[in-house]
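Summary of the model geometry
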Amino acid sequence: MAATGDREDPAGAAGGAGGAAAGGMEGAEVAQDAEPDARFTFANERTFLALTRTALAFVVAGLAIVQLLPPFPDVPWGRRLLGVPLIVVGGVIAVVGYLQWSRNQQALRHGAAMPESILPRVLSVTIAAMAIVAAVILLVSALLEP
Amino acid sequence: MAPAAKNPPPGKKPPPSLAWERTRLAWSRTVIAFAAVGGALLKTDIAAGAIVVAMAVLLWVLFRIIPDQAGRAASPARLRLVAMTVAGVAVVALAVAFLGRGA
């Protein structure tokens, strides 16, 4: 059987074993700081990488708005108002994504409940807010246009 | 309960798993995303774009040429480097947004 607390060989668990998920059979003391099941560790890593790609998408979207979009008529600050928050949120997602990966990994090691993530809320609120801001800028631009 | 896998003999590579394969593909997508951001930046600011493309190459090298042992999760230091790199790209993008030609 794959050694539950063997840090040298989590790959053994990745090969299909329950790995540290079987830690419960060996007593709570082993499960306290056991190497988590490699499948959960990989899933956590993939979530981090997905958040990283989301962060990059935010950054590049913000940059494209500022650099590539033609200026809004009579609203010269419109592109920055839309683009800069997206870039800032992209940077924040990258850092918070790492912290979340770290907290999840700790929880997996200790067999604790997974901590709640604020990132889905942050993403939803940001996207909704940017949509509203974009609509307002378009309206203002249309109203001010002679 | 799933049957327990045997540990590979010492010195032998562990068998690849689907979870590891999916993670490897996720790393590839992330590096490609980095390169795409670098390419987009190159259009507007050559120096900033070159920095980000260099970061993508660095990540690729870290991931491909100096991989963690196959089938093992990435080390915290590597993930921290990725997070810091994306934060750095965001800072570069902010600078371009405020100082770039199109801004």
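This text goes with the structure placed above it.
Residues numbered from 1 in each chain as written. Chains lettered and ligands numbered in written order. Predicted model: local features only at pLDDT ≥ 70, side-chain atom pairs only at ≥ 80, totals over all residues.

1. What about the overall build of chain B?
- Within chain B one finds 3 helices and 0 strands.
- Shown N-terminal to C-terminal, the secondary structure of chain B runs as helices and strands in the order α-α-α.
- Looking at chain B residue by residue over its 103 residues, the buried ones come to 34%.
- Residue pairs at least 24 apart in sequence account for 55% of intrachain contacts in chain B once pairs closer than 6 positions are excluded. (Helix = DSSP H or I, 4+ residues; strand = E, 2+ residues; numbered from the N terminus. Buried ≥ 20, exposed ≤ 12 C-beta atoms within 10 Å, placed from the backbone. Contact = placed C-beta atoms within 7 Å.)

2. Some words on the overall build of chain A
- Each helix and strand in chain A was counted, giving 5 helices and 0 strands.
- Its helices and strands taken in sequence order, chain A reads α-α-α-α-α from the N to the C terminus.
- Residues classed as buried in chain A amount to 42% of the 146 residues present.
- Of the contacts made within chain A by residues no fewer than 6 positions apart, 61% connect residues no fewer than 24 positions apart.

3. Some remarks on the nonpolar core
- Val59 of chain A together with Ala93 of chain B are the most contacted members of the largest nonpolar core, which totals 48 residues.
- Among the elements that line this core, the one with the most residues is helix 3 (residues 38-67) of chain A, at 13 residues.
- The contact partners of alanine 93 of chain B, leaving out residues within four places of it in the chain, are Val59, Gly62, Leu63 and Ile87 of chain A. (Core = buried A, V, L, I, M, F, W, Y, C linked by C-beta atoms within 7 Å.)

4. Here's the deal with the environment of glycine 39 of chain B
Residues and elements named next belong to chain B.
- Its location among the elements puts glycine 39 in helix 1 (residues 18-44).
- In this structure glycine 39 comes out as partly exposed when scored by C-beta crowding, with 14 C-beta atoms within 10 Å.
- The spatial distance from the C-alpha of glycine 39 to the C-alpha of alanine 50 is 8.3 Å, given a sequence separation of 11 residues.

5. Focus on helix 5 (residues 119-144) of chain A
- In this model, helix 5 of chain A (26 residues) spans 37 Å end to end at C-alpha, consistent with the 38 Å of a helix rising 1.5 Å per residue.
- Across the 26 residues of helix 5 of chain A, 1 count as buried, placing the element largely on the outside. (Expected span 1.5 Å × (residues − 1).)

6. Re the packing of helix 3 of chain A against helix 1 of chain B
- The N-to-C vectors of helix 3 of chain A and helix 1 of chain B enclose an angle of 15°; their axes lie 9 Å apart at closest approach. Taken together, the axes of helix 3 of chain A and helix 1 of chain B are roughly parallel relative to one another. In the crossing of helix 3 of chain A with helix 1 of chain B, the sense of the turn from one axis to the other is left-handed.
- A breakdown of the residues in the contact of helix 3 of chain A with helix 1 of chain B according to their chemical character gives 17 nonpolar, 5 polar and 6 charged. (Axes fitted to C-alpha atoms, helices over the stretch in contact; angles between N-to-C directions. Parallel < 35°, antiparallel > 145°, perpendicular 65-115°, else oblique. Left-handed = near helix turned anticlockwise from the far one by under 90°. Nonpolar A, V, L, I, M, F, W, Y, C, P; charged D, E, K, R; others polar.)

Take it as geometry only, folks, not as evidence of what the structure does.
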